[in-house]
Amino acid sequence: MGAVIRLSLPTGFDWDPVAASTDAVRIVGGSSAAAADAMWEIRTQRPGRAVVTAHGRPLCRKGEHCPDPIDFEATLDVVE
């Protein structure tokens, strides 16, 4: 165990913290604000399945066309 997956999400969004549905993986670090790099590390901990989710709201100024929010979801199967 202990593999690392780097998750990079689109910039220009205010991302809620990335979450995992089980303890098969652990979310490490990350920047949930609209930083230049919206990146998190996902570390495997034990065999199992985890659904990783995040929700991003676009950052828009008044009067700008604002894109739709983004919902991210990925299923990870962790094996030995």
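See the structure above.
Per chain, residues are indexed from 1 in the order of the written sequence. It should be noted that, the model being predicted, local features are given only for residues of pLDDT at least 70 and side-chain atom pairs only at 80 or more, the latter also being counted only at that level, while totals for whole chains, interfaces and linings use all residues. In computing side-chain values, all of the structure's heavy atoms are included and hydrogens and water are not.

S.K.: Honestly, the sheet that holds strand E1 (residues 4-9) in this entry has me stumped. Any pointers?
M.R.: Either a parallel or an antiparallel arrangement is found when strands of a sheet pair, and the pairing is made through backbone hydrogen bonds. Taken in spatial order, the 3 strands of this open sheet run E1-E5-E4, and their pairing is antiparallel. The outermost strands of the open sheet, each flanked by one partner alone, are E1 and strand E4 (25-28). Averaged over all pairs of adjacent strands, the angle between strand axes in this sheet comes to 25 degrees, irrespective of strand direction. Any two strands with at least two DSSP-identified bridges between them are counted as paired. Numbered from the N terminus, helices here are DSSP runs of H or I no shorter than four residues, and strands are runs of E no shorter than two. Summarising the sheet, E1 and strand E5 (residues 38-44) pair through 6 bridges and their orientation is antiparallel. If you follow Ile-5 over to E5, its bridge partner there is Ile-42. Each axis is a line fitted through C-alpha atoms, taken for helices only over the stretch in contact, and angles between the N-to-C directions span 0 to 180 degrees.

S.K.: What's the story with the packing of aromatic side chains in this structure? I'm lost.
M.R.: Aromatic ring pairs are reported here in terms of the distance separating the ring centres and the angle at which the planes meet. When two rings of Phe, Tyr or Trp (its six-membered ring) have centres within 6.5 Å they constitute a pair, described as stacked for plane angles under 30 degrees, edge-to-face for angles over 60, and tilted for the intermediate range. Going through the model one piece at a time under the given rule, you end up with 1 aromatic pair. Both rings, one in Phe-13 and one in Trp-15, keep their centres 5.9 Å apart while their planes meet at 40 degrees; by these two values the pair is tilted. Neither Phe-13 nor Trp-15 differs from the other in exposure class; each is buried. The cut-offs for exposure are 20% and 50% of the maximum accessible area for each residue type, with area from a 1.4 Å probe on protein chains only; residues under the lower value are buried, those over the upper are exposed, and the others partly exposed.

S.K.: What am I meant to see in the nonpolar core here?
M.R.: Nonpolar side chains tend to gather and get buried jointly when the protein is soluble and globular. Among buried residues, those of type Ala, Val, Leu, Ile, Met, Phe, Trp, Tyr and Cys that are joined through side-chain atoms within 4.5 Å constitute a nonpolar core. Formed by 15 residues in total, the largest nonpolar core has its most connected members in Leu-9, Trp-15, Val-18, Val-25 and Val-52. Among the secondary structure elements, those contributing two or more residues to this core are E1, strand E2 (13-15), E5, strand E6 (48-58) and strand E7 (70-78). Setting aside anything within four residues of it in sequence, one finds Val-52 in contact with Leu-7, Val-18, Ala-19, Ala-20, Val-25, Ile-27, Ile-42, Phe-72, Glu-73, Ala-74 and Leu-76. Any pair of residues with heavy atoms lying within 4.5 Å of one another is described as a contacting pair.

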